[in-house]
Amino acid sequence: MRPPFVLTGLLALVLAGHALTAGAKDAPAPAAAPLPSATCDVVGLRLEDVIAKSAELQKPANEQAVRDLRTLRDAAVVLDTYKHPKVCAQVLTVLRALAANPERTIDQGGDTDEEKAEAIEQARKPKAPETKAPESKAPETAPEPKK
């Protein structure tokens, strides 16, 4: 089994996170669903067609590579939606290079540090907001009647 592309997925998430926080307070609220920008043509990439035509990517041992390609595509969509076409174009450039040569992509693999992979997997899981336990108040007692 080939090593997962943990670093590639991490790179996409870091780029997306950085782009989303850079200038977020200055960006206007998005209106209706925007059309893809000319610099970031995620639809034109036709990733699913590339995956379907690649015998190498169809192998069960390469499921992680396919997930990573889709993660990068999804990151590009998010970046384009939040009006970061330059960063989106960078992600698409990486994605095109990986999809154009799946054998090389699979051979070069990703980071195989299992502890790092586990830490990244934990970071990907949604977390519920921490709730504080209600402070217990001493029960109020009625004042003792005066004699």
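Report on the accompanying structure. The structure displayed is predicted, hence computed values, not measured ones.

What counts and what doesn't
Residues numbered from 1 in each chain as written. Predicted model: local features only at pLDDT ≥ 70, side-chain atom pairs only at ≥ 80, totals over all residues. Heavy atoms only, no water. Patch = residues over 30% accessible without salt bridge, like charges linked within 9 Å, V, L, I, M, F, W, Y side chains within 5 Å. Areas by Shrake-Rupley, 256 points an atom, 1.4 Å probe, with all protein chains shown as cover. Salt bridge = Lys/Arg side-chain N within 4 Å of Asp/Glu carboxyl O. Lys, Arg positive; Asp, Glu negative; His and termini not counted. Charge placed at Lys NZ, Arg CZ, Asp CG, Glu CD. Helix = DSSP H or I, 4+ residues; strand = E, 2+ residues; numbered from the N terminus. Buried < 20%, exposed > 50% of the residue type's maximum accessible area, 1.4 Å probe, protein only. Polar contact = N/O pair within 3.5 Å; in protein donor to acceptor, adjacent residues only side chain to side chain. Disulfide = S-S within 2.5 Å. Core = buried A, V, L, I, M, F, W, Y, C linked by side-chain atoms within 4.5 Å. Contact = heavy atoms within 4.5 Å.

## Let's talk about a negative patch on the surface
There is a patch of like negative charges on the surface, built from D113, E114, E115 and E118. Within the secondary structure layout, E114 lies in helix α8 (residues 114-124).

## Some words on unusual backbone geometry
Positive phi values are uncommon outside glycine, yet R46 reaches one of about 50°. Counting through the fold element by element, R46 comes out in the loop between α2 (42-45) and α3 (47-53). What makes R46 exposed here is its relative accessible area of 53%. If you check the backbone angles, K83 has positive phi at about 60° while not being a glycine. When you line up the elements, K83 lands in the loop between α5 (63-81) and α6 (85-100).

## Observations regarding the side chain of S54
Position of S54 among the secondary structure elements: in the loop between α3 and α4 (55-58). For S54, the side chain forms a polar contact with the main-chain nitrogen of L57, separated by 3.1 Å.

## Topic: the environment of A55
Within the secondary structure, A55 sits in helix α4. Judged by relative accessible area, A55 falls into the exposed class, the value being 60%. The spatial distance from the C-alpha of A55 to the C-alpha of P102 is 9.4 Å, given a sequence separation of 47 residues.

## Here we look at the state of the cysteines
Each disulfide consists of a covalent bond between the sulfur atoms of two cysteine residues. Evaluated as defined, the whole model comprises 1 disulfide. Note that C40 is cross-linked by a disulfide to C88, the S-S spacing being 1.4 Å. Residue C40 is found in the loop between α1 (6-21) and α2, and its partner C88 is found in helix α6; the two are separated by 48 residues along the sequence. Under the relative-accessibility criterion, C88 is labelled buried at 0%.

## Re the nonpolar core
Across soluble globular proteins, nonpolar side chains have a tendency to be buried as a group. Judged by nonpolar contacts, the single largest core of 19 residues is most densely connected at L47, C88, L92 and L95. Only α2, α3, α5 and α6 provide two or more residues apiece to this core. Per-element accounting of this core gives the leading share, 7 residues, to α6. Apart from residues no more than four positions distant in its own chain, L95 is found in contact with L45, L47, L69, L72 and R73.

Interpretation in functional terms is not warranted from these geometric data alone.
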